[in-house]
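# Chain and residue survey
Below, each chain spelled out in residue letters.
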Amino acid sequence: MSDDHRPIALVMALRGQGITDQRVLSAIERTPREMFVEAPFLSTAYENIALPIACGQTISQPYIVAYMTEILAVERQHRVLEIGTGSGYQAAVLAPLCRMVYTVERHRPLLKSAEARFRALKLHNIVVRHGDGLQGWPEQAPFDRILLAAAVSTIPQALISQLKPGGVLIAPSSGPHEFHRNSQHLVKVVRTDGGATQEKLIAVAFVPMLPGVPQETRKPDENPK
Ligand code: SAH
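One structure accompanies this document, and this report is about it. Keep in mind the model is a prediction, meaning the values are calculated, not measured. (Residues numbered from 1 in each chain as written. Predicted model: local features only at pLDDT ≥ 70, side-chain atom pairs only at ≥ 80, totals over all residues. Heavy atoms only, no water.)

## Some details on the overall build of the chain
Of the regular secondary structure elements, the chain holds six helices and nine strands. Taking 2.2 N^0.38 as the reference for a compact globule, 225 residues should give roughly 17 Å; the C-alpha atoms of the chain span a radius of gyration of 17 Å, in line with that estimate. A principal-axis box enclosing the C-alpha atoms of the chain has dimensions of 50 × 50 × 35 Å. Across the 225 residues that make up the chain, the buried fraction comes to 48%. Counting only contacts in the chain whose residues sit at least 6 apart along the sequence, the fraction spanning at least 24 positions is 54%. When the accessible surface of the chain is summed, it comes to about 11,100 Å², and 53% of that surface belongs to carbon and sulfur atoms. (Helix = DSSP H or I, 4+ residues; strand = E, 2+ residues; numbered from the N terminus. Rg over C-alpha atoms; globule rule 2.2 N^0.38 Å. Buried < 20%, exposed > 50% of the residue type's maximum accessible area, 1.4 Å probe, protein only. Contact = heavy atoms within 4.5 Å. Areas by Shrake-Rupley, 256 points an atom, 1.4 Å probe, with all protein chains shown as cover.)

## A look at the environment of glutamine 157
Its location among the elements puts glutamine 157 in helix 6 (residues 157–160). The exposed category is assigned to glutamine 157, whose relative accessible area is 56%. On a C-alpha basis, the gap between glutamine 157 and arginine 119 in space is 33 Å, while along the polypeptide they are 38 residues apart.

## What about the packing of aromatic side chains?
By the definition in use, this model includes four aromatic pairs. Aromatic side chains tyrosine 102 and phenylalanine 143 sit 5.4 Å apart centroid to centroid with 65° between the ring planes, which places their arrangement in the edge-to-face category. Taken as a pair, tyrosine 102 in strand 4 (residues 100–105) and phenylalanine 143 in strand 6 (residues 143–148) lie far apart in primary sequence, 41 residues in all. The class of tyrosine 102 is buried, set by a relative accessible area of 7%. (Phe/Tyr/Trp six-rings, centres within 6.5 Å; stacked < 30°, edge-to-face > 60°.)

## Details of the nonpolar core
The biggest cluster of nonpolar side chains holds 47 residues, and the ones touching the most others in it are Leu14, Ile19, Ile28, Leu72, Phe118 and Leu186. Tallying contributions element by element places helix 3 (residues 62–72) first for this core, with seven residues. Not counting chain neighbours up to four residues away, the residues in contact with isoleucine 28 comprise Leu10, Val11, Leu14, Pro62, Val65, Ala66, Tyr89 and Val93. Listed in part, the 20 residues of the second largest apolar core include Leu81, Ile160, Leu163 and Val189. (Core = buried A, V, L, I, M, F, W, Y, C linked by side-chain atoms within 4.5 Å.)

## A short note on helix 2 (residues 22–30)
All buried positions along helix 2 are accounted for by Val24, Leu25, Ala27 and Ile28. Angularly, the buried residues of helix 2 cover 160° about the axis, an arc narrow enough to put them on a single face. For helix 2, the side-chain oxygen to backbone nitrogen distance between the N-cap and arginine 23 is 2.9 Å, and the N-cap itself is aspartate 21. (Arc of directions from axis to C-beta. Polar contact = N/O pair within 3.5 Å; in protein donor to acceptor, adjacent residues only side chain to side chain.)

## Re unusual backbone geometry
Proline 142 follows alanine 141 through a cis peptide bond whose omega is 0°. As for its position among the elements, proline 142 is in the loop between strand 5 (126–130) and strand 6. Phi is positive for cysteine 55, which is not a glycine, with a value near 60°. Among the structural elements, cysteine 55 can be located in the loop between strand 1 (51–52) and strand 2 (58–59). A relative accessible area of 32% means that cysteine 55 is categorised as partly exposed. Located in the positive-phi region is lysine 122, a residue other than glycine, with phi close to 55°.

## Describing the site of the ligand
The ligand sits among 28 residues. The nearest are Ser87, Glu105, Asp132, Gly133 and Leu210. Interatomic distance of 2.9 Å between a side-chain N/O atom of glutamate 82 and a nitrogen atom of the ligand. Looking at the shell around the ligand, the elements with two or more residues in it are strand 2, strand 3 (79–83), helix 4 (89–94) and strand 4. For the shell around the ligand, the per-class residue count stands at twelve nonpolar, twelve polar and four charged. (Near = heavy atom within 4 Å. Nonpolar A, V, L, I, M, F, W, Y, C, P; charged D, E, K, R; others polar.)

Shown next, in the form of C-alpha coordinates:
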(Lines give C-alpha, C1' and ligand atoms only; values in the text may rest on other atoms or scores of the structure.)
Protein backbone atom coordinates (compact mmCIF):
# COMPACT_ATOMS: atom_id res chain seq x y z
CA MET A 1 0.00 0.00 0.00
CA SER A 2 1.35 3.45 -0.83
CA ASP A 3 2.03 5.81 2.07
CA ASP A 4 -0.74 8.20 1.02
CA HIS A 5 -3.44 5.62 1.62
CA ARG A 6 -2.40 4.72 5.13
CA PRO A 7 -4.45 7.40 6.96
CA ILE A 8 -7.56 6.41 4.97
CA ALA A 9 -7.00 2.73 5.69
CA LEU A 10 -6.70 3.59 9.38
CA VAL A 11 -9.96 5.55 9.30
CA MET A 12 -11.69 2.61 7.60
CA ALA A 13 -10.41 0.31 10.34
CA LEU A 14 -11.72 2.72 13.00
CA ARG A 15 -15.13 2.83 11.30
CA GLY A 16 -15.14 -0.96 11.33
CA GLN A 17 -14.50 -0.82 15.07
CA GLY A 18 -17.56 1.38 15.60
CA ILE A 19 -16.23 4.96 15.52
CA THR A 20 -18.94 6.96 13.73
CA ASP A 21 -18.30 10.66 14.50
CA GLN A 22 -17.23 12.12 11.16
CA ARG A 23 -15.42 15.05 12.79
CA VAL A 24 -13.31 12.67 14.85
CA LEU A 25 -12.56 10.45 11.86
CA SER A 26 -11.50 13.39 9.72
CA ALA A 27 -9.30 14.78 12.52
CA ILE A 28 -7.58 11.37 12.66
CA GLU A 29 -7.26 11.24 8.89
CA ARG A 30 -5.61 14.66 8.81
CA THR A 31 -3.20 14.11 11.69
CA PRO A 32 0.07 12.68 10.35
CA ARG A 33 0.80 10.05 13.00
CA GLU A 34 4.20 9.39 11.42
CA MET A 35 5.29 12.74 12.89
CA PHE A 36 4.47 11.54 16.41
CA VAL A 37 6.24 8.16 16.45
CA GLU A 38 9.94 7.39 16.87
CA ALA A 39 12.06 6.66 13.80
CA PRO A 40 12.18 2.85 14.27
CA PHE A 41 8.38 2.68 14.16
CA LEU A 42 7.73 4.79 11.04
CA SER A 43 6.60 1.79 9.04
CA THR A 44 3.92 0.98 11.62
CA ALA A 45 2.85 4.58 12.26
CA TYR A 46 -0.66 4.03 10.83
CA GLU A 47 -1.28 0.61 12.31
CA ASN A 48 -3.92 0.50 14.96
CA ILE A 49 -1.44 -0.16 17.77
CA ALA A 50 0.18 1.70 20.66
CA LEU A 51 3.92 2.34 20.18
CA PRO A 52 6.81 3.17 22.54
CA ILE A 53 7.95 6.81 22.72
CA ALA A 54 10.78 8.46 24.72
CA CYS A 55 10.95 8.42 28.54
CA GLY A 56 9.45 4.91 28.71
CA GLN A 57 5.99 6.14 27.67
CA THR A 58 3.62 5.19 24.85
CA ILE A 59 1.63 6.85 22.10
CA SER A 60 -1.87 5.44 22.46
CA GLN A 61 -3.54 3.14 19.95
CA PRO A 62 -5.46 5.22 17.36
CA TYR A 63 -8.69 3.37 18.23
CA ILE A 64 -8.42 4.50 21.85
CA VAL A 65 -7.62 8.08 20.80
CA ALA A 66 -10.67 8.03 18.48
CA TYR A 67 -12.91 6.42 21.09
CA MET A 68 -11.92 8.85 23.84
CA THR A 69 -12.31 11.83 21.51
CA GLU A 70 -15.75 10.61 20.41
CA ILE A 71 -16.96 10.00 23.98
CA LEU A 72 -15.67 13.43 25.02
CA ALA A 73 -18.11 15.02 22.50
CA VAL A 74 -15.94 18.08 22.03
CA GLU A 75 -17.60 21.19 20.55
CA ARG A 76 -16.09 24.09 18.60
CA GLN A 77 -16.21 26.57 21.48
CA HIS A 78 -14.77 24.16 24.08
CA ARG A 79 -11.59 24.57 26.09
CA VAL A 80 -10.12 21.12 26.71
CA LEU A 81 -7.51 20.04 29.26
CA GLU A 82 -5.36 16.98 28.54
CA ILE A 83 -3.14 15.41 31.19
CA GLY A 84 -0.22 13.47 29.68
CA THR A 85 0.89 15.12 26.44
CA GLY A 86 3.29 12.28 25.57
CA SER A 87 3.96 12.48 21.83
CA GLY A 88 1.27 15.14 21.41
CA TYR A 89 -0.85 12.96 19.10
CA GLN A 90 -4.06 13.08 21.17
CA ALA A 91 -3.76 16.87 21.56
CA ALA A 92 -3.23 17.23 17.80
CA VAL A 93 -6.40 15.20 17.12
CA LEU A 94 -8.39 17.34 19.57
CA ALA A 95 -7.06 20.70 18.32
CA PRO A 96 -9.17 21.02 15.13
CA LEU A 97 -12.34 20.08 17.05
CA CYS A 98 -12.29 22.75 19.76
CA ARG A 99 -11.25 26.30 20.65
CA MET A 100 -8.22 25.54 22.81
CA VAL A 101 -6.30 22.51 24.05
CA TYR A 102 -4.32 22.85 27.30
CA THR A 103 -1.95 19.92 27.73
CA VAL A 104 0.27 19.07 30.71
CA GLU A 105 3.26 16.68 30.72
CA ARG A 106 5.69 15.79 33.53
CA HIS A 107 8.60 14.76 31.21
CA ARG A 108 10.16 17.90 29.77
CA PRO A 109 11.85 16.16 26.78
CA LEU A 110 8.47 14.76 25.65
CA LEU A 111 6.89 18.18 25.97
CA LYS A 112 9.66 19.83 23.91
CA SER A 113 9.23 17.32 21.07
CA ALA A 114 5.45 17.64 21.17
CA GLU A 115 5.69 21.45 21.04
CA ALA A 116 7.93 21.26 17.97
CA ARG A 117 5.34 19.02 16.27
CA PHE A 118 2.50 21.43 17.10
CA ARG A 119 4.54 24.29 15.61
CA ALA A 120 5.36 22.31 12.46
CA LEU A 121 1.68 21.43 12.01
CA LYS A 122 0.61 25.05 12.75
CA LEU A 123 -1.63 23.89 15.59
CA HIS A 124 -1.65 27.27 17.29
CA ASN A 125 -4.55 26.48 19.62
CA ILE A 126 -2.54 24.04 21.76
CA VAL A 127 -0.75 25.39 24.82
CA VAL A 128 1.59 23.23 26.87
CA ARG A 129 2.68 23.16 30.47
CA HIS A 130 5.47 21.26 32.16
CA GLY A 131 4.34 19.97 35.53
CA ASP A 132 2.29 17.51 37.53
CA GLY A 133 -1.03 17.19 35.75
CA LEU A 134 -2.66 15.71 38.85
CA GLN A 135 -2.97 19.35 39.94
CA GLY A 136 -4.71 20.22 36.66
CA TRP A 137 -4.25 23.78 35.41
CA PRO A 138 -6.05 25.93 37.99
CA GLU A 139 -5.17 29.27 36.31
CA GLN A 140 -7.04 28.22 33.15
CA ALA A 141 -9.95 26.40 34.84
CA PRO A 142 -12.81 25.74 34.49
CA PHE A 143 -12.69 23.48 31.43
CA ASP A 144 -15.49 22.10 29.28
CA ARG A 145 -13.71 18.79 28.88
CA ILE A 146 -10.79 17.00 30.58
CA LEU A 147 -8.98 13.95 29.19
CA LEU A 148 -6.49 11.90 31.21
CA ALA A 149 -4.01 9.99 29.06
CA ALA A 150 -2.51 8.01 31.97
CA ALA A 151 -4.21 5.70 34.46
CA VAL A 152 -5.31 6.73 37.94
CA SER A 153 -6.70 4.60 40.75
CA THR A 154 -9.39 7.14 41.58
CA ILE A 155 -10.36 10.28 39.68
CA PRO A 156 -8.59 13.19 41.42
CA GLN A 157 -11.06 15.61 43.00
CA ALA A 158 -8.73 18.48 41.99
CA LEU A 159 -9.48 17.65 38.35
CA ILE A 160 -13.24 17.18 38.78
CA SER A 161 -13.35 20.58 40.48
CA GLN A 162 -11.74 22.15 37.37
CA LEU A 163 -14.69 21.02 35.20
CA LYS A 164 -17.58 23.34 34.36
CA PRO A 165 -21.01 22.16 35.51
CA GLY A 166 -22.16 19.72 32.83
CA GLY A 167 -18.52 19.25 31.84
CA VAL A 168 -17.14 15.80 30.97
CA LEU A 169 -13.91 14.12 32.10
CA ILE A 170 -12.67 10.84 30.69
CA ALA A 171 -9.90 8.80 32.28
CA PRO A 172 -8.41 5.32 32.37
CA SER A 173 -8.93 4.06 35.88
CA SER A 174 -7.96 0.89 37.66
CA GLY A 175 -10.23 1.43 40.64
CA PRO A 176 -8.90 1.93 44.17
CA HIS A 177 -8.31 -1.76 44.94
CA GLU A 178 -6.84 -3.07 41.71
CA PHE A 179 -4.03 -0.80 40.57
CA HIS A 180 -2.95 -3.01 37.79
CA ARG A 181 -2.32 -2.29 34.15
CA ASN A 182 -4.41 -5.28 33.12
CA SER A 183 -7.57 -4.26 34.87
CA GLN A 184 -8.17 -0.70 33.77
CA HIS A 185 -11.38 0.74 32.35
CA LEU A 186 -12.18 4.08 30.85
CA VAL A 187 -14.40 6.07 33.17
CA LYS A 188 -16.63 8.94 32.05
CA VAL A 189 -17.33 11.55 34.71
CA VAL A 190 -19.99 14.22 34.24
CA ARG A 191 -19.95 17.12 36.65
CA THR A 192 -23.40 17.91 37.99
CA ASP A 193 -24.59 20.80 40.17
CA GLY A 194 -24.33 18.74 43.32
CA GLY A 195 -21.33 16.52 42.50
CA ALA A 196 -20.45 14.14 39.68
CA THR A 197 -21.71 10.95 38.02
CA GLN A 198 -19.37 8.15 36.88
CA GLU A 199 -19.86 5.57 34.16
CA LYS A 200 -17.54 2.64 33.43
CA LEU A 201 -16.75 2.10 29.73
CA ILE A 202 -14.38 -0.22 27.83
CA ALA A 203 -11.29 -2.03 29.17
CA VAL A 204 -7.97 -0.31 28.37
CA ALA A 205 -4.22 -0.50 29.20
CA PHE A 206 -2.52 2.84 29.87
CA VAL A 207 0.77 3.79 31.51
CA PRO A 208 0.21 4.97 35.09
CA MET A 209 -0.25 8.60 36.09
CA LEU A 210 2.73 9.39 38.33
CA PRO A 211 2.87 12.21 40.87
CA GLY A 212 5.35 15.09 40.66
CA VAL A 213 7.93 15.73 37.94
CA PRO A 214 11.09 13.66 37.29
CA GLN A 215 14.39 15.11 38.49
CA GLU A 216 16.27 16.79 35.67
CA THR A 217 20.01 17.05 35.17
CA ARG A 218 20.82 20.68 34.46
CA LYS A 219 23.77 22.34 32.77
CA PRO A 220 25.69 24.64 35.18
CA ASP A 221 24.59 27.80 33.34
CA GLU A 222 20.90 27.05 33.72
CA ASN A 223 18.96 28.61 36.57
CA PRO A 224 17.26 26.04 38.73
CA LYS A 225 13.51 26.69 39.02
N1 SAH B 1 -1.61 11.52 24.94
C2 SAH B 1 -0.34 10.85 24.68
C3 SAH B 1 -0.23 9.56 25.44
C4 SAH B 1 0.90 9.65 26.37
S5 SAH B 1 1.13 8.34 27.52
C6 SAH B 1 -0.11 10.67 23.18
O7 SAH B 1 -1.04 10.90 22.40
O8 SAH B 1 1.01 10.33 22.81
C9 SAH B 1 0.78 9.19 29.04
C10 SAH B 1 1.64 10.37 29.35
O11 SAH B 1 1.23 10.84 30.64
C12 SAH B 1 3.13 10.09 29.48
O13 SAH B 1 3.84 10.90 28.59
C14 SAH B 1 3.46 10.40 30.94
O15 SAH B 1 4.73 10.98 31.12
C16 SAH B 1 2.35 11.38 31.28
N17 SAH B 1 2.09 11.54 32.70
C18 SAH B 1 2.03 10.58 33.67
N19 SAH B 1 1.76 11.12 34.87
C20 SAH B 1 1.64 12.47 34.67
C21 SAH B 1 1.38 13.58 35.53
N22 SAH B 1 1.18 13.44 36.84
N23 SAH B 1 1.34 14.81 34.96
C24 SAH B 1 1.54 15.00 33.64
N25 SAH B 1 1.80 13.99 32.79
C26 SAH B 1 1.84 12.74 33.28
